[in-house]
Amino acid sequence: MPDLDRETLERLRRGLPLRLDRSGQFHLGDDPISHPRIHAAFLAGLDEADSGEPTLHLGEQWCYLTVDDCPLRATAVLRAPDDTPQLRLDDGRTLPLDPSTVVEDPTGLRATAPARRSGRPLRVRLSNTAAMDLSAWLEDEATLVVAGQRHPIARVPRVA
């Protein structure tokens, strides 16, 4: 296969009609992608380009995708042995929650977690269950207390 020029490669990467909806379901055009292994591989490959645009990596290949809300979802918030909160993510990881990243937008709570590939922060939507779990660390409706530190929860406009 001949090497593609940069413009053609960019057009191909942007031309794939791949979308991640608010519930965490991938779609190719109008068709949902339902195979569990493909879904897991896609979640593991989520990242952001230097420009901040969402990307999906599979091996050495990658493309841009449209994300309706946040790339990842927290399905639960667990208590670590040191009494700090940990996010259980829909990509299978359980990671410490950085309480300074928790914000409230018009549709609920979100935070960030590092992308597997680059470590860049990806937005994480907290499910209703995860938000209820997080309430164990709430001092009031707008302040988290973790390891003796108070972290105000900022209210922000919804990010597209």
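Residues numbered from 1 in each chain as written. Predicted model: local features only at pLDDT ≥ 70, side-chain atom pairs only at ≥ 80, totals over all residues. Heavy atoms only, no water.

J.: Talk me through the pairing of strand E6 (residues 61-64); I want residue IDs and the actual numbers.
T.: Two faces make up the sheet, and in a regular strand the side chains alternate between them. Pairing geometry for strand E5 (residues 54-58) and E6, over four bridges, is antiparallel. Paired with Thr55 across the two strands is Tyr64, which belongs to E6. (Pairing = 2+ DSSP bridges. Helix = DSSP H or I, 4+ residues; strand = E, 2+ residues; numbered from the N terminus.)

J.: Residues and numbers for the environment of Gly52, please.
T.: Inspection of the secondary structure puts Gly52 in the loop between strand E4 (46-48) and E5. In this structure the C-alpha to C-alpha distance between Gly52 and Pro121, which are 69 residues apart in sequence, comes to 9.9 Å.

J.: Before we move on, could you go through the nonpolar core and cite the residues and values that matter?
T.: Residues Phe26, Leu46, Leu65, Leu89, Val102, Leu126 and Leu134 are the most contacted members of the largest nonpolar core, which totals 32 residues. For Leu46, the contacting residues outside a window of four places in its chain are Leu20, Phe26, Thr55, Leu56, Leu65, Pro71, Leu72, Ala115 and Leu122. (Core = buried A, V, L, I, M, F, W, Y, C linked by side-chain atoms within 4.5 Å. Buried < 20%, exposed > 50% of the residue type's maximum accessible area, 1.4 Å probe, protein only. Contact = heavy atoms within 4.5 Å.)

J.: Lay out the pairing of E5 with the relevant residues and their values.
T.: The sheet contact formed by E4 and E5 spans three bridges and is antiparallel. Among the inter-strand pairings, Asp47 is bridged to a residue of E5, identified as Thr55. Connecting E4 to the next strand, E5, in antiparallel fashion are five residues, including Gly52 with a positive phi near 95°. What sits between E5 and E6 in their antiparallel hairpin is a turn of two residues, with Gly59 showing a positive phi close to 65°.

J.: Give a description of the pattern of salt bridges that names residues and reports values.
T.: For side chains bearing opposite charge, pairing can occur when the charged atoms are close. Throughout the structure, instances matching the rule amount to 16 salt bridges. Between Arg150 and Glu139 there is a salt bridge, with the nearest N and O atoms lying 2.1 Å from each other. In this pair, Arg150 is assigned in strand E16 (residues 149-152) and Glu139 in strand E14 (residues 138-140), connecting sequence segments eleven residues apart. Residue Glu139 is classed as partly exposed on the basis of its relative accessible area of 45%. (Salt bridge = Lys/Arg side-chain N within 4 Å of Asp/Glu carboxyl O.)

J.: Go over the sheet that holds strand E2 (residues 26-28), please, and point to the residues and values.
T.: Taken together, four strands build an open sheet; the order of strands is E3-E2-E1-E7 and the sheet is mixed. The sheet is open, and its two borders are formed by strand E3 (31-32) and strand E7 (66-67), each paired with just one other strand. Of the strand pairs in this sheet, strand E1 (residues 18-20) and E2 are connected by three bridges, and their pairing is antiparallel. Its bridge partner lying in E2, Leu18 is registered against Leu28.

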